[in-house]
Amino acid sequence: MKVVIAIDSLKGSLSSMEAGFAAKEGILRAHPDAQVIVRPLADGGEGTTDALIEGMGGQKIDVTVTGPMGEKITAYYGYLKESDTAVIEMASAAGITLVPEQQKNPLLATTYGVGEMIKDAAEKGCRNFILGIGGSATNDGGIGMLQALGYSFLDKNGQEAGRGAQALDTIVSICDTNTYPKLKDCHFHVACDVTNPLCGKNGATYIYGPQKGVTEDMKEPLDRAMLHYAKVTSQTLHNDFSLTQGAGAAGGLGFAFLSYLHADLTPGIDLILKAINLEEDLKSADIVVTGEGRLDHQTAMGKAPVGVARLAKKFDAQVLAFAGGVTKDARACNEAGIDAFFPILRGIATLEEAMDPENARGNMADAVEQVFRIL
């Protein structure tokens, strides 16, 4: 029996690999001779860097960068030396959780630190980049990131327009003379699960701006400034990605990656499954084990466990899911490729008791063991 395990983290309790190895323990109790492979799983959002560092033998690199409001902060990324790959979550440098509610200012918030992270990784030899761009505090169209990489956004006087969204409508020209030379050898793969264009009522400013501090009276002028920036970009680079799905992600950072860095924008789970080369493991698998903290109807709408199930079904493998808890509407997961799912809780417990890592690890192993005893 060959079993492949790819479980998303049980947030606040077990990492992806911890949950996977607990499941492996349960399987081997029931079938000591089983071949069991554990792979990391994430969806491109929070926790992706940690999952790939742990699951792929990566290194955590701490780096001092410019935070979203211009202060110096310590961020980190994953360095996968074997493939010269950096795994970066933009939220580590420009995330909304880094800014206290009373300090949110979409006019000043910058993605500059994201560019500094990219540059640091490239200096260490990384040429492939996996980036998660969820949870941003910014609405700057990605100009901060690009400024850190050597692009200049100039005003009518030929001076730097500045940082943040406040600079967008003053940009008259763009200079790439001093861009970071190693960029031309870098390949960017961006995990992006939103489909918003850059501008308009469904764009970055109108949809995501309010959570970053954009008030009702700011929306129209900021959106107009974003459109102006897009037009100058198009005139300079002779491309136009303003209407492309995902361009509006992370306050327009998606647009910057598409327009300036020739990035691929891919649904997060698809990008991660490709990065860990899960398909190769699944080709001869009999059973695939997946899961997450809670299985519900949202899981069936494309979250990580369903991404695993979809890939497993290409090879007719049976798919089982284990979760901290399941809801009644989790039945939708069966229609999405998960053959059966099971909660791991084995008795009445407080949330604190259930999420205790030692308890969760034991519950996972015990639940998986009993299911595998009937296989």
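For the structure given in this document, a descriptive report is provided here. All of these numbers come straight from a predicted model, not from anything done at the bench. (Residues numbered from 1 in each chain as written. Predicted model: local features only at pLDDT ≥ 70, side-chain atom pairs only at ≥ 80, totals over all residues. Heavy atoms only, no water.)

**What about the packing of aromatic side chains?**
On inspection of all chains with the given rule, the structure shows seven aromatic pairs. Here the aromatic rings of Phe 153 and Tyr 229 are separated by 6.2 Å at their centres, their planes lie at 65 degrees, and the arrangement is edge-to-face. With Phe 153 in strand β7 (residues 152-154) and Tyr 229 in helix α7 (residues 216-237), this pair connects stretches of sequence that are 76 residues apart. Residues Phe 153 and Tyr 229 agree in their burial class; the two are buried. Relative to Phe 255, the ring of Tyr 229 has its centre 5.5 Å away and its plane inclined at 75 degrees; by these criteria the two rings are edge-to-face. Remark: Phe 255 occurs in helix α8 (residues 253-261) and Tyr 229 occurs in helix α7; sequence separation between them is 26 residues. Here Tyr 229 matches Phe 255 in class, with each residue buried. Site record: aromatic cluster; members linked through ring pairs are Tyr 151, Phe 153, Tyr 229, Phe 255 and Tyr 260. Above the plane of the ring of Tyr 76 lies Lys 60, whose end atom (NZ or CZ) is 4.3 Å from the centre. (Phe/Tyr/Trp six-rings, centres within 6.5 Å; stacked < 30°, edge-to-face > 60°. Helix = DSSP H or I, 4+ residues; strand = E, 2+ residues; numbered from the N terminus. Buried < 20%, exposed > 50% of the residue type's maximum accessible area, 1.4 Å probe, protein only. Lys NZ or Arg CZ within 6 Å of the ring centre and 35° of its normal.)

**Remarks on the environment of Tyr 180**
Structurally, the position occupied by Tyr 180 is in the loop between β8 (173-175) and β9 (187-191). Its relative accessible area of 8% is what places Tyr 180 among the buried residues. On a C-alpha basis, the gap between Tyr 180 and Ala 304 in space is 35 Å, while along the polypeptide they are 124 residues apart. Residue contacts for Tyr 180: discarding those within four places in its chain leaves Lys 119, Ala 122, Glu 123, Leu 149 and Gly 150. Separated by 2.4 Å, the side chains of Tyr 180 and Glu 123 make a polar contact. (Contact = heavy atoms within 4.5 Å. Polar contact = N/O pair within 3.5 Å; in protein donor to acceptor, adjacent residues only side chain to side chain.)

**Regarding the side chain of Glu 89**
Following the sequence through the fold, Glu 89 ends up in strand β5 (residues 85-89). Of the side chains with opposite charge, Lys 11 comes closest to the buried, unpaired Glu 89, at an N-O distance of 9.3 Å. In terms of polar contacts, Glu 89 uses its side chain to reach the backbone amide nitrogen of Thr 48, at 3.1 Å. Within polar-contact distance, the side chain of Glu 89 engages the backbone nitrogen of Thr 49 at 2.9 Å. Other than its neighbours up to four places away in sequence, Glu 89 contacts Gly 45, Glu 46, Gly 47, Thr 48, Thr 49, Asp 50, Met 117 and Gly 132. (Lys, Arg positive; Asp, Glu negative; His and termini not counted. Salt bridge = Lys/Arg side-chain N within 4 Å of Asp/Glu carboxyl O.)

**Focus on the environment of Pro 106**
In this structure, Pro 106 sits in the loop between α3 (91-94) and α4 (112-123). The buried category is assigned to Pro 106, whose relative accessible area is 1%. Taking the C-alpha atoms as reference, Pro 106 lies 6.2 Å from Val 214; in sequence the two are 108 residues apart. Excluding its chain neighbours within four sequence positions, the residues that come into contact with Pro 106 are Asn 139, Ala 165, Lys 212, Gly 213, Val 214 and Met 218.

**Quick word on empty space enclosed by the protein**
Across all of its chains, the model carries one cavity of 30 Å³ or more by this definition. What the largest cavity holds in volume is close to 30 Å³. In terms of lining residues, the largest cavity is bounded by Gly 44, Thr 48, Thr 49, Val 87, Ile 88, Glu 89, Ile 130, Leu 131, Gly 132, Ala 191, Leu 271 and Ile 272. Of all the elements in the fold, those that place two or more residues in the lining of the largest cavity are α2 (48-55), β5, β6 (128-132) and α9 (268-275). Partitioned by chemical class, the residues of the lining of the largest cavity number seven nonpolar, four polar and one charged. (1 Å grid on protein atoms, 1.4 Å probe; cavity = no way out; pocket = protein on both sides within 12 Å on 5 of 7 lines; lining within 4 Å. Points joined across faces, edges and corners; volume = space filled by probe spheres on them. Nonpolar A, V, L, I, M, F, W, Y, C, P; charged D, E, K, R; others polar.)

**Here's the deal with the state of the cysteines**
Applying the stated rule across the entire model yields zero disulfides. Between Cys 175, a cysteine without a disulfide, and Cys 186, which holds the nearest cysteine sulfur, the sulfur-to-sulfur distance is 20 Å. On the basis of relative accessibility, which here comes to 25%, the residue Cys 175 falls in the partly exposed class. Unpaired in terms of disulfides, Cys 192 finds its nearest cysteine sulfur in Cys 199, a separation of 15 Å. (Disulfide = S-S within 2.5 Å.)

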